[in-house]
Amino acid sequence: MGEELVGIEELELALQNHEKILNIKESEFPNVILIDLSMDPLEAIKLIASYPTTVISKVVPIETVVRTRLDSILEKIIILTRDKLSPGDKFNVICDLRGENTLNLRMNYCREFQMN
């Protein structure tokens, strides 16, 4: 938990002039910190990137969280991309599966996406 505490402190310092209170959520994964922001997440990423940090290696904005079922993932993809893509545009879906049985899930999802 030591690195997470340092990371939280670095986030607080990087965002202190833009986000009054960081709403930190517990994560079940080591070295992962989840934060609900009231500010624009892309602006937060720019601020964090411009701030000197020692333990923060990656910042990823999360627009939505879905169950790990293919139909749930596809439904959210359609909702999130409806206004952002034009006909003929292409995009990638990258899933970082963690926890038990991830190899089987990864192989099943790859097969399902290739079939559709």
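How each quantity is defined
- Residues numbered from 1 in each chain as written.
- Predicted model: local features only at pLDDT ≥ 70, side-chain atom pairs only at ≥ 80, totals over all residues.
- Heavy atoms only, no water.
- Helix = DSSP H or I, 4+ residues; strand = E, 2+ residues; numbered from the N terminus.
- Expected span 1.5 Å × (residues − 1).
- Buried < 20%, exposed > 50% of the residue type's maximum accessible area, 1.4 Å probe, protein only.
- Arc of directions from axis to C-beta.
- Contact = heavy atoms within 4.5 Å.
- Polar contact = N/O pair within 3.5 Å; in protein donor to acceptor, adjacent residues only side chain to side chain.
- Core = buried A, V, L, I, M, F, W, Y, C linked by side-chain atoms within 4.5 Å.
- Patch = residues over 30% accessible without salt bridge, like charges linked within 9 Å, V, L, I, M, F, W, Y side chains within 5 Å.
- Areas by Shrake-Rupley, 256 points an atom, 1.4 Å probe, with all protein chains shown as cover.
- Salt bridge = Lys/Arg side-chain N within 4 Å of Asp/Glu carboxyl O.

Trainee: I'd like a description of helix α1 (residues 2-15), backed by residues and values.
Mentor: Between the first and last C-alpha of α1 there are 20 Å, a value that for 14 residues agrees with the 20 Å anticipated at 1.5 Å per step. All buried positions along α1 are accounted for by Glu 4, Gly 7, Ile 8, Glu 10, Leu 11, Ala 14 and Leu 15. Considered in projection along α1, the buried side chains sweep an arc of 165° and stay on one side of the axis. On its buried face, α1 is in contact with β1 (23-25), β2 (34-36) and α2 (41-50).

Trainee: Could you give an account of the environment of Glu 19, with specific residues and numbers?
Mentor: If you trace the backbone, Glu 19 turns up in the loop between α1 and β1. Between the C-alpha atom of Glu 19 and that of Ala 44, which follows or precedes it by 25 residues, the distance is 9.0 Å. Other than its neighbours up to four places away in sequence, Glu 19 contacts Asp 36, Leu 37, Ser 38 and Met 39. Within polar-contact distance, the side chain of Glu 19 engages the backbone nitrogen of Met 39 at 3.2 Å.

Trainee: Residues and numbers for the nonpolar core, please.
Mentor: Counting eight residues, the largest nonpolar core consists of Leu 11, Ala 14, Leu 15, Leu 22, Met 39, Ala 44, Leu 47 and Ile 48. Here Ala 44 is in contact with Leu 15, Leu 37 and Met 39, once residues within four sequence places are set aside.

Trainee: Provide a residue-level description of a nonpolar patch on the surface, including the pertinent values.
Mentor: A contiguous nonpolar patch, built from Val 60, Ile 62 and Val 65 and spanning about 320 Å² of accessible area, is present on the exposed surface. Along the chain, Ile 62 turns up in the loop between α2 and α3 (70-81).

Trainee: Describe α3, with residues and values.
Mentor: Helix length check: α3 (12 residues) gives 16 Å between terminal C-alpha atoms against 16 Å at 1.5 Å per residue, within 8%. Where α3 is concerned, the buried positions are Leu 70, Ser 72, Ile 73 and Ile 77. The buried residues of α3 occupy one face: seen down the axis, they fall within an arc of 160°.

Trainee: Go over the pattern of salt bridges, please, and point to the residues and values.
Mentor: Using the criterion set out here, one finds two salt bridges in the structure. For Asp 36, the salt bridge goes to Lys 25, with nearest N and O atoms at 3.2 Å. Placement of Asp 36 in strand β2 and of Lys 25 in strand β1 is noted, with a sequence separation of 11 residues between them. For Lys 25, a relative accessible area of 43% gives the class partly exposed. In this structure, Glu 63 engages Lys 84 in a salt bridge whose closest nitrogen and oxygen atoms are separated by 2.9 Å. Of this pair, Glu 63 sits in the loop between α2 and α3 while Lys 84 sits in the loop between α3 and α4 (102-115); the two residues are 21 residues apart in sequence, bridging distant segments of the chain. Among the residues examined, Lys 84 registers a relative accessible area of 53% and is labelled exposed.

Read these as geometric descriptors, not functional statements.
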